[in-house]
Amino acid sequence: MVRRSVGAARKSAGAVALAVCVAVFVAGSAAGCAVAREIALPAAPTAEATAVSEAAHSVVRVRGYASSCRKRLEATGFVYAPERVLLNAHTVAGVDRDLEVVLDDGRRLAARVVAFDPAVDAAVLWVSGLATRPLRLTEAAITAAVVVGYRKGATVPAALPATVRPDQPAESYDIYNRVRVPRQVHRFHGAAITPGMSGAPLIAGENRVAGMVFAADVDKADVGYALTAAQLRAVAAAGRRATATVPHDPCD
């Protein structure tokens, strides 16, 4: 049986950080929400490290408040098109107040949800005036990537190297635990996904994103799952030029 596991939200400094919240079965193993231990990333002045550092400027914090469930969000997203941010749908479900993105230099910009797919667990924000260089979704096969995301309460993104297995089919429920959804995912290990990092991109080279984090293994702290770029393609296309707010209720 496929099950969905909801991660616990934790309060810190008046904010609630959302853990990744979709459970899947991949190759017979169960995955869901988990708070994983942090790992340290040693400084490495290589060309790859420089590329990741530059790409990290396009990774943003996303914050907001959902009145219906009295919940604050703190998540990660990334710029994939001019003034457009891709992130998980479950992190903005029900958000009706104070939705904004925070850049790595501390600037805050108002955002609105212009694409929302609770089955895929992906959404797009329109952020007027956002001039950050977009990252490019790639469907090329990868074996390694760097997960870049904001841990709960952090103002600087963490960069966690990961080994990536070939994309594989999986099955899970939508964010409301109503409908079973087939997925194509990347399973990665070596990167401990913590609350706030839902929506973090898998950066696989200069300005290229191979997937987006949406789940973590309940038993192995450094194993996670990312939606592939192919899985994100339709939502990304729908939000690329949209400017009208779309319904994104209720809370997940």
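Computed from a prediction, not measured in an experiment: that's the story for all the values here.

Cut-offs applied
Residues numbered from 1 in each chain as written. Predicted model: local features only at pLDDT ≥ 70, side-chain atom pairs only at ≥ 80, totals over all residues. Heavy atoms only, no water. Helix = DSSP H or I, 4+ residues; strand = E, 2+ residues; numbered from the N terminus. Buried < 20%, exposed > 50% of the residue type's maximum accessible area, 1.4 Å probe, protein only. Contact = heavy atoms within 4.5 Å. Areas by Shrake-Rupley, 256 points an atom, 1.4 Å probe, with all protein chains shown as cover. Pairing = 2+ DSSP bridges. Axes fitted to C-alpha atoms, helices over the stretch in contact; angles between N-to-C directions. Salt bridge = Lys/Arg side-chain N within 4 Å of Asp/Glu carboxyl O. Polar contact = N/O pair within 3.5 Å; in protein donor to acceptor, adjacent residues only side chain to side chain.

Q: So what about the overall build of the protein? Which residues, and what values?
A: Across its full length, the protein carries 2 helices and 19 strands. Taken across its 252 residues, the protein has 56% of its residues classed as buried. Counting only contacts in the protein whose residues sit at least 6 apart along the sequence, the fraction spanning at least 24 positions is 69%. Summed over all atoms, the accessible surface of the protein reaches about 10600 Å², with 52% contributed by carbon and sulfur.

Q: Report on the sheet that holds strand β10 (residues 112-117), specifying residues and quantitative values.
A: Read from one edge of the open sheet, 7 strands run β9-β8-β5-β6-β7-β11-β10, paired in antiparallel fashion. Either end of the sheet is taken by a strand with one partner, and the two such strands are β9 (108-110) and β10. Here the average twist between neighbouring strands, direction ignored, is 30°. Looking at chain direction, strand β8 (residues 97-102) and β9 are connected through 3 bridges and run antiparallel.

Q: Quick one: what's the story with the pattern of salt bridges, residue by residue and with numbers?
A: For the coordinates displayed, the defined rule picks out 5 salt bridges. Here Arg107 ties to Asp105 by a salt bridge, and the two come within 2.8 Å at their closest N and O atoms. For Asp105, a relative accessible area of 48% gives the class partly exposed. A salt bridge links Arg180 to Glu171, with the nearest nitrogen and oxygen atoms 3.8 Å apart. The partly exposed category is assigned to Glu171, whose relative accessible area is 30%.

Q: Residue-level account of the side chain of Thr138, with values.
A: Along the chain, Thr138 turns up in the loop between β12 (136-137) and β13 (144-149). With relative accessibility at 7%, the residue Thr138 sits in the buried group. Of note is the side chain of Thr138, whose polar atom sits 3.2 Å from the backbone nitrogen of Ala140.

Q: Explain the environment of Arg241 to me, and be specific about the residues and the numbers.
A: Relative to the helices and strands, Arg241 resides in the segment after α2 (229-239). In this structure, the C-alpha to C-alpha distance between Arg241 and Arg84, residues 157 residues apart in sequence, is 8.3 Å.

Everything listed here is a matter of coordinates, which is why it stays silent on function.
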